[in-house]
Amino acid sequence: MPVIAVIGAQWGDEGKGRVVDLLAQQAGAVARFSGGDNAGHTIVNPFGKFALQLVPSGIFNPRTVCIIGNGVVINPKVLIDEIDKLEERGVDTSHLFVSDRAQLIMPYHLLLDGLEEEARGGKALGTTRKGIGPAFTDKAARLGIRAGGLLDREALRERLRSIIDYKNVILTKVYGVKPLSLDEVYGQYCQYGERLSPYIRETTIMLDEALNKNELVLLEGAQGTLLDPDFGTYPYSTSSSSIAGQGCLGAGIGPTRINAVLGVYKAYCSRVGAGPMPTELKDKTGELIRERGHEYGTVSGRPRRCGWFDAVAARFSSRVNGFTGAAITRLDILDILPSLKICVAYELDGKTIDYFPASVAALERCQPVYEELEGWETSTADVRQFNKLPAKARKYVNRLEELIGCPANLVCVGPERGQAIEKTPIL
Ligand code: IMP
């Protein structure tokens, strides 16, 4: 009954989707456990190139049960569009299931995400404006509507009535915008319910069945550890937990069942949205990495901020997740650089520190202390074995392993399945 949690180890966009797509070829089940359609998992495989937002990255293996877990917030319109587009491109989605406990993103969440960002002015968080924060807020406030709620129309109308009355007070009195119509929202969500009802299930039973059959189960993270509301750069974070512990909570399996936690790291750093990023490069090298790596948001198209690998943050991430191994992605993007830097400590107010501060004000003041390594200046894209990589590239990866504090299981030199080199076994 092996369970592998695949976790973003930096600020998201590390390549979790490509790793899950690869491992899912052997998996009995894959469950997404957090976030929503703020995620954009880019996958290149024999079916083509895809940017999945809600559907688990195991969908390309028809034998894999794919679950959108209770820890995810679902915009039903986005999910329906995603299912339709996959089907149009010949990808079977009949093995996709949605937890009846997953929360729904409602029209007022989308409106409020935008209005709240505007109200923050210069202190805006740079959210994806997909309604994620307001939906998770409502979950905690017990004002949410769950996917299973779409299956009982009468109860849905009653629940929506009281919630919309309350939301309309906020929309009109606080933000001075038009109220929402109960009938319209209700009608729209009844249609979504009709379309999604075949997918909505009690999914913890399905995961249990896969485990009891001794099948490989993957827990697919979204976003990254440094965007986690507890351990990330709060308040410049997302609003659902992106770390390994959430894998259990957001999919509905116990912590005793996880066998391996794979931390996915880019060979450098990137971040989209506001908030501190100590190794950000605002120079030509940063631009070069962005252009070579096509570092633009999968969902929003926003340019990503790029910088050197931050080993202080990486070690912290490994600690709070308990990584048993790492996947180092996008090594090939660094192929043309004559020298590379790795941040091994921070200078904070005249002192050298080796930990990741909780305070964003302190993090903003942190100056990276770099170690410099020679670049390999040759293409790695066609290499398929670790010992065939240029010696300087191996040295770079070995140093990352040392600094992160766990072995690299995978090293990726391109987006395709064949471009993931196994360095050490995950299990
Ligand atoms: P939210 O999750 O839309 O509320 O956005 C909060 C922060 O998380 C913003 O800085 C977003 O850019 C960032 N964020 C959310 N999802 C992702 C992701 O999948 N990749 C990278 N950044 C993300």
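None of these values were measured; they are calculated from a predicted model.

### A word on the layout of surface pockets
Unfilled space is identified by rolling a water-sized probe across the atoms.
Now for step 1: Of the voids in this model, the largest pocket is the one considered here, and its volume is about 720 Å³.
Now for step 2: Lining of the largest pocket is provided by 39 residues; of these, Asn38, Thr127, Thr128, Ser237 and Thr238 occupy positions nearest its centre.
Now for step 3: Here the element with the most residues in the lining of the largest pocket is helix H4 (residues 132–140); it accounts for five residues.
Now for step 4: A class-by-class count of the residues in the lining of the largest pocket yields 14 nonpolar, 17 polar and eight charged.
Now for step 5: Of the pockets and cavities examined, the second largest pocket occupies roughly 590 Å³.
Now for step 6: Along the wall of the second largest pocket there are 27 residues; nearest its centre are Thr42, Gly293, Arg304, Arg330 and Pro415.
Now for step 7: For the lining of the second largest pocket, the elements supplying multiple residues, two or more each, are helix H1 (16–23), strand E3 (41–45) and strand E4 (48–52).
Now for step 8: When its residues are assigned to classes, the lining of the second largest pocket shows seven nonpolar, 10 polar and 10 charged.

### Quick notes on the nonpolar core
Now for step 1: Counting residues in hydrophobic clusters, the biggest one holds 54 residues, and the most contacted among them are Leu219, Tyr265, Phe309, Leu331, Leu389, Tyr396 and Ile404.
Now for step 2: No other element matches helix H12 (residues 391–404), which puts six residues into this core.
Now for step 3: Here this core spans two domains, since at least three of its residues come from each of domain 1 (3–99 + 200–260) and domain 3 (265–422).
Now for step 4: Ranked by size, the runner-up nonpolar core spans 39 residues in total, among them Leu52, Leu54, Leu86 and Leu104.

### Notes on the pairing of strand E15 (residues 325–329)
Now for step 1: Within E15, five of the five residues are buried, leaving the element largely enclosed by the surrounding structure.
Now for step 2: Here E15 shows two buried faces, one formed by Gly325, Ala327 and Thr329 and the other by Ala326 and Ile328.
Now for step 3: Note: strand E11 (residues 260–266) against E15, five bridges, orientation parallel. Considered in E15, the bridge of Lys266 is made with Thr329.
Now for step 4: Pairing of E15 with strand E19 (residues 408–412) involves three bridges; the strand directions are parallel. Of the residues in E19, the one forming a bridge with Ala326 is Ala408.

### With respect to the pairing of strand E7 (residues 96–99)
Now for step 1: Burial along E7 is two-sided: Leu96 and Val98 facing one way and Phe97 and Ser99 facing the other are all buried.
Now for step 2: As paired strands, strand E5 (residues 65–68) and E7 are joined by three bridges and run parallel to one another. Residue pairing in the sheet places Ile68 in a bridge with Val98 of E7.
Now for step 3: With two bridges joining them, E7 and strand E9 (residues 200–201) adopt parallel strand pairing. Note that in E9 the partner of Val98 across the bridge is Ile200.

### Description of the site of the ligand
Now for step 1: Neighbouring residues of the ligand: 15 residues in total, closest Asn38, Thr128, Thr238, Val272 and Arg302.
Now for step 2: A distance of 2.9 Å separates an oxygen atom of the ligand from a polar side-chain atom of Arg302.
Now for step 3: Surface burial for the ligand is 96%, taken as the share of its 470 Å² of free accessible area covered by protein chains.
Now for step 4: Because more than half of its atoms lie within 2 Å of the grid, the ligand is assigned to the largest pocket.

### Considering the domain arrangement of the protein
Now for step 1: The domains assigned to the protein are domain 1 (3–99 + 200–260), domain 2 (103–196) and domain 3 (265–422).
Now for step 2: Spacing between the C-alpha centres of domain 2 and domain 3 amounts to 37 Å.
Now for step 3: Across the contact, six residues belong to domain 2 and four residues belong to domain 3.
Now for step 4: Among the residues of domain 2 in contact with domain 3, Gly126, Thr128 and Lys130 are the three that bury the most area, contributing 69% of the side total.
Now for step 5: When the residues that make up the side of domain 2 that touches domain 3 are grouped by side-chain class, the tally is two nonpolar, three polar and one charged.

The rules we used
Residues numbered from 1 in each chain as written. Predicted model: local features only at pLDDT ≥ 70, side-chain atom pairs only at ≥ 80, totals over all residues. Heavy atoms only, no water. 1 Å grid on protein atoms, 1.4 Å probe; cavity = no way out; pocket = protein on both sides within 12 Å on 5 of 7 lines; lining within 4 Å. Points joined across faces, edges and corners; volume = space filled by probe spheres on them. Helix = DSSP H or I, 4+ residues; strand = E, 2+ residues; numbered from the N terminus. Nonpolar A, V, L, I, M, F, W, Y, C, P; charged D, E, K, R; others polar. Core = buried A, V, L, I, M, F, W, Y, C linked by side-chain atoms within 4.5 Å. Buried < 20%, exposed > 50% of the residue type's maximum accessible area, 1.4 Å probe, protein only. Domains from an automatic or database assignment. Pairing = 2+ DSSP bridges. Near = heavy atom within 4 Å. Polar contact = N/O pair within 3.5 Å; in protein donor to acceptor, adjacent residues only side chain to side chain. Areas by Shrake-Rupley, 256 points an atom, 1.4 Å probe, with all protein chains shown as cover. Sits in = over half its atoms within 2 Å of the grid points. Contact = heavy atoms within 4.5 Å. Buried area = accessible area lost by both parts, 1.4 Å probe.

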